[in-house]
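Architecture at a glance
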Amino acid sequence: MTAASPAGYIGRSVPRREDRRLLLGQGSYVADLVLPGMVHAAFARSQLAHARIVSVDFARALAEPGAVFALGGAELAREMPPIGGMQVTAPKGWAERVDHRITLPPQNLMASDRVRYVGEAFAVVCADSRYAAEDAVEAIDAGFEPLPAVVDPEAASAPDAAVIHPDLGTNAVAELHVEKGDVAAAMASAPHRIRRRIRHHRYAAMPLECRGVAAEYDRRTDSLTVWSSTQVVHWVRKELAFALGMAEEKIRVLAPDVGGGFGGKGHVYPEDLIIPWLARRIGRPVRWVEDRHEHILNAAHSRDNIHDAEIGFDDTGRILAFRDDFIVDSGAYSPVGAGVAYNTTAHLLGPYHIENFAGGTVVAITNKTPNAPYRGAGRPEAVQVTERLMDIVADTLGMEPADVRLRNMIGPERMPYDVGLPYRDGVPMTYDSGDYPASLRRAIDEIGGIEAFRERQEKARAEGRWLGLGLGCYTEGTGVGPFEGATVKVDASGKIVVSTGACPIGQGHETVFAQVTADAWNVPIEDVVVLLADTSTLTMGYGSIASRSTVTSSMAIGDASDKVKAKVLAVAAHLLEASEADLELRDGRVAVKGVPDMAVSLREIAAAAAPGWLSRRPEGSEAGLEATSYYEPPTVTWAYASNAAIVEIEPDTGRVRIERYVEVHDAGRLVNPGLADGQVKGGLVQGLGGALYESIEYDEAGQLLTGSFADYLLPTAAETPPIEVVHMETPTPLNPLGVKGLGEGGAIAPPVVIANAVTDALKPFGVEFNTLPIRWQDVRAAFDS
Amino acid sequence: MTAKRSVTVTVNGETRTGEAEPRMLLSDFLRDTLGLTGTHVGCEHGICGACTVHVDGEAARSCLMLAVQADGAEIETVEGLADGETLHRLQQLFSKHRALQCGFCTPGMLMTALDLVRHRPNLTEAEIRSGMAAVLCRCTGYEGIVHAVAEYASGGER
C-alpha cells in the first residue's frame, strides 16, 4: 500500500521553514503592516436584514477629529462596477450533462440602494487611526426604510416571497438537476424505500486572523501594491485590474502571513477592491483590518442545506435507487456561484456503487450573509445525507451499519471506476485509485471491532450508560483545475528559486514545495528558495482553494524544473565538453557520471548561461536558466476516508463525550507525513466543532444571534478528544508524484459520524439525529421522548 | 476622543513610554504605539486569547485591559521569550510537536502555557487541556500544543 519512498525529501516529515518567524512573533500579518502616511478604514454596516437606503449623510462623520474621507455605496457604484467574473463558469462537459438554470445576482461593492443582510457595508470612512475611523462611522447619519426580511430558504423560494433582487424576479437563482440510470423505475420497484429530511446547519471557516487589506498607490508609476489576507492573490489582481481599469502588471498583490483561511478567504471580497481604490483616490496608503464581530457578520458563511432524500434498497441492503433534492441557503449573494451546490451533488454517491441516482438543487437567496466555500465545500452536506441514510437502511433491515456500507462499496478491483456523472470541471467523474472497503475495515479494527463494541454497549445500557458507534465514509475530488503556475530559475547564486500560485494559510507550503523542488533537482533543501502568494513572481496563478495546491503546484514546479534542467544540462555539457547523456545532476553540481571531479556547480552554470560578453553557453541557445509552466490537471484525483467514533452520552446533561475518534485517510503519497497528519487532524476538529458546537443563528427578522465568540463556540483544547488518524497511501496514477489533495478531508465526516454515533447510542429511544448541530438540549430531550 | 496620557511600561526588560488615549487597549498600545506586533488580536472581546501577555508576572488578555491601566507595569510578550538567536525551550517544543500551523494564536498559546506551567506543578493532560482552553486554535486540533506543553512541563522528553 505504501508508495516506494525514494531517497529524498518527499515522504519525510521535514521541519517547517515557517516556524521560526512565527514562534518569535516575527510573522507579518496584514494588521502588522505600517505604511508611511497610512490611514485606517472602517465600514458602516447595515443593522437591518433588508431595507431601502433612504439617505446617507457624512457631514457629522467628516467633522470628527481625524476623519479624512467618507464615501457611500451609491457613489462607489458610479466609480466601480459590481464584482465581475466572480461566478464560477460552467465548463462545457458540465453544462451539457447537467440541467441548469443559473441567474446569479451581481454584488455591488457596497450597498447602494438597498441593504440585503445584517453586516452589509453601505459606507466607508478613512481616518488617522482606527479609533477615529470607528468614531466617524458612528457619526454617519443614515436613514433606512425596512423591507420584509426573507429568512427561511424554503419560504424564499415560494412564489409569494418578497424578491431580494427584483431584477432577477425570483429568489431561486439557480436550479440544477442531474441523473443517471432510471431512478423513478428503480425506486418504484425497490422492496424498501425510506425518505428523510436532513438538514445541515450554517457555520463558517472562522480563521483566528480576521480578514484585512492594505494598499499603497504610487502616483509616479501609476501602480498599486496590495496586501490582502487572502488565498487567491492572482484572482484579486485580476478583479482589481478590471475594476480599476489598470494593467495587471501595474498591480502587485501579496498575501503576507495569513492566520488561517480554510476557504473563507478563498474568493475576492468587496474590501479587496475598495481598499486599493481608496488608496488611489485619497493618495495615501489605506489599511482595513476586520474585527471579529465584523468577520462573523460579513465574511462568508457556509453549509446550510435542507435535503429531502429518498433511498430504495433490497432485503440484503443493496441500494437500488437514490434521489436527493436540496435547497442551499445562499444568503444575499452567491460569491462563487453554484459550484458548491453542485459539489454536494457530485459527492452524494461517495464510495458506493449505486446505479440509479438523481440530484436536484435549488439555490435560494435570503437576507443573510453570503454563503461560500469553507473546508469541505459542499461535501460535508452530501456525506451527512448519504451516511445518515446508510445507517437508517441498516436500522430498517436490522443490519450492522458497517455491513450495509460494505455491501455497496466499490472494491479496489473496480478501479478506475466510472461514476456516471460529470465533475464540476466538466470531466466524467472517475475514481482513480484506492481501497474503500479496506479503509472502512481498518477504521473498525482501530476502534476494537464491531462485535466487541456491541457487547460493551449492551452491558453499558444495562447499567444506564449510553454508548454509540458512528461510522462515516466519503470520497473527495481533489487537485482540481483549471490550472496552477510555477516559475523556476537558477539565479546567479546557484540557488533554485521557485515561485508558484499557491497561497499558504498555515499548511506549510514553503516547506512542502521546498521538498518537492529539492527532489526534482537533487539538491540540498537549503539551496531552494520558495516564493509564494506574490503576483510579482508569477504571471498567472490560481491560488490555494479546494485541496489542490500540493497536487497542482507540485506538478507545475516539476514541469518547469524539467525545462530548466534541460538548459542546465546543455550548458554543463558545453562547459565540460561531454555528452549530456553522460551527465548527472547531484548536490547542486552537474558531473560526468563516474568522474565526480569533472563537475561544474549550478552557480558556474548560471554564470555561463547568463547573457553578455562573459556568456559561455552553447552557440544558438537561449540565455538564462528560467522557465514557467502552467499545469492543467486532466481532472481531479480522488482522496477518500473512513471514520469511526465511539461516544458516550451523559443522560443528565445531554453532553456527548467522544471516547474514540479514528479516521483512516488516503491522500495518495504524502510529501510531508507530519504536516499531512496536522492538516487532517485540524480538519477533523473543525468537523467536530460543526457537529456539536458551532452554529450561526438568525432570528425571524434576519438578525444575527451569534455575533461573538461568546455565542459562536469554537472547540477548545478542553472539549477536543484525542484524534487518531491512520494514513493509507495509494498513489494516484494521475500524476507522477502520486499525490492527492488533503486540506479539506478531515472536516468532511465528523458531523455525520457524531450524528450516527449519537443516534446509535439513543437507539432505544427511537430518535434520529438528522439535523445539525447536535445540541445538548436535543440529546437530553431524547431521554424524555 | 479625549486627551492622550503618557504611559510608561517595562516591556521585556526595556522601559518604554508612549502616548495613549484613555480608551486605548493595551493590545493596541503594544502593537501600534510600541511596534510589538508579535502579540495578536483575534477577537477583541477576551475569548480567543491570542493577545495574551504577562502583566506583572500574570497572564492577561491585553485586549481586555486599557493601556493606562498598565502604566508602571512589567510586561512580557512573545518577543521577549527567545535568548538572542536561540529559541526558548517551549518555542522549540512547539516546533517539534507541530503545535502551530498559521501561527496566529501561537503567541497567546506560548504566553498562556508559560503561565500555566509556572502556577501548576505536575500538570496532568486533562489539566493542560483545561488550562490551554484559554486560547483558541483553529488549525491544529490542539494535539501538538498539548504534547508540547506536557513535555515542557515535565522538563523531559515525551
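Some details on the overall build of chain A
Tallying secondary structure elements over chain A gives 21 helices and 29 strands in all. Over its C-alpha atoms chain A spans a radius of gyration of 28 Å, differing by no more than 12% from the 28 Å that the globule rule assigns to 785 residues. Along the first, second and third principal axes, the C-alpha atoms of chain A reach 85 × 75 × 50 Å. Taken across its 785 residues, chain A has 64% of its residues classed as buried. By sequence separation, contacts in chain A at least 24 residues apart represent 81% of the contacts at least 6 residues apart. If you sum the accessible surface of chain A, you get close to 26,800 Å²; carbon and sulfur atoms cover 51% of it. Looking at charge distribution, chain A has the averaged site of its 74 positive side-chain charges lying 2 Å from that of its 104 negative ones.

Digging into the pairing of strand 19 (residues 466–478) of chain A
Looking along a regular strand, one sees the side chains alternate between the two faces of the sheet. All names here are of chain A. The buried fraction of strand 19 is high, at 13 of 13 residues. Side chains Trp 466, Gly 468, Gly 470, Gly 472, Tyr 474, Glu 476 and Thr 478 of strand 19 all project onto a buried face; the interleaved residues Leu 467, Leu 469, Leu 471, Cys 473, Thr 475 and Gly 477 project onto the opposite face, where all are buried too. Bridging between strand 19 and strand 27 (residues 637–649) involves 13 bridges; their strand directions are antiparallel. Residue Glu 476 lies in a different strand from strand 27, and its bridge partner there is Ala 639.

A look at the environment of A:Ile444
All names here are of chain A. Along the chain, Ile 444 falls in helix 14 (residues 436–446). Taking the C-alpha atoms as reference points, Ile 444 and Glu 580, separated by 136 residues in sequence, lie 54 Å from one another. Ile 444 has contacts with Ala 402, Gly 449, Ile 450 and Leu 471, leaving out every residue within four places of it along the chain.

Observations regarding the domain arrangement of chain B
Residues and elements named next belong to chain B. Assigned domains within chain B: domain 1 (5–80) and domain 2 (89–154). Its C-alpha centre places domain 1 at a distance of 21 Å from the equivalent point of domain 2. Contact residues are listed per partner, giving 18 residues for domain 1 and 16 residues for domain 2. Roughly 1,200 Å² is buried in total at the junction of domain 1 and domain 2, and carbon and sulfur atoms are behind 57% of that figure. Looking at the side of domain 1 facing domain 2, the largest losses of area belong to His 40, His 54 and Val 78, adding up to 37% of the total buried there.

So, the packing of helix 16 (residues 509–521) of chain A against helix 17 (residues 549–576) of chain A
Helix-helix packing: each pair is described by the crossing angle between the helix axes and the interaxial distance. Residues and elements named next belong to chain A. Viewed as axis vectors pointing N to C, helix 16 and helix 17 meet at an angle of 35 degrees, and their least axial separation amounts to 10 Å. In terms of crossing hand, the pair formed by helix 16 and helix 17 is right-handed. When helix 16 is examined against helix 17, the residues His 509, Val 512, Phe 513, Val 516, Thr 517, Ala 520 and Trp 521 are found in contact with a partner set consisting of Ser 549, Thr 550, Ser 553, Ser 554, Ile 557, Ser 561, Val 564, Lys 565 and Val 568. Each residue belonging to the contact of helix 16 with helix 17 can be placed in one class, and the counts come to eight nonpolar, seven polar and one charged.

A closer look at the interface of chain B and chain A
Contact with chain B, which involves 44 residues of that partner, is made by 54 residues of chain A. Both sides of the chain B and chain A interface together cover about 3,900 Å² of buried area, and 56% of this is carbon and sulfur. Area buried by chain B at its contact with chain A is led by B:Gln101, B:Arg129 and B:Arg138, which between them contribute 21% of it. Across the pair A:Asp135 and B:Arg23 runs a salt bridge, and its minimum N-O distance is 2.8 Å. Run the count over chain B and chain A and you get 26 residue pairs in polar contact (both at pLDDT 80 or more).

What counts and how
Residues numbered from 1 in each chain as written. Chains lettered and ligands numbered in written order. Predicted model: local features only at pLDDT ≥ 70, side-chain atom pairs only at ≥ 80, totals over all residues. Heavy atoms only, no water. Helix = DSSP H or I, 4+ residues; strand = E, 2+ residues; numbered from the N terminus. Rg over C-alpha atoms; globule rule 2.2 N^0.38 Å. Buried < 20%, exposed > 50% of the residue type's maximum accessible area, 1.4 Å probe, protein only. Contact = heavy atoms within 4.5 Å. Areas by Shrake-Rupley, 256 points an atom, 1.4 Å probe, with all protein chains shown as cover. Lys, Arg positive; Asp, Glu negative; His and termini not counted. Charge placed at Lys NZ, Arg CZ, Asp CG, Glu CD. Pairing = 2+ DSSP bridges. Domains from an automatic or database assignment. Buried area = accessible area lost by both parts, 1.4 Å probe. Axes fitted to C-alpha atoms, helices over the stretch in contact; angles between N-to-C directions. Left-handed = near helix turned anticlockwise from the far one by under 90°. Nonpolar A, V, L, I, M, F, W, Y, C, P; charged D, E, K, R; others polar. Salt bridge = Lys/Arg side-chain N within 4 Å of Asp/Glu carboxyl O. Polar contact = N/O pair within 3.5 Å; in protein donor to acceptor, adjacent residues only side chain to side chain.

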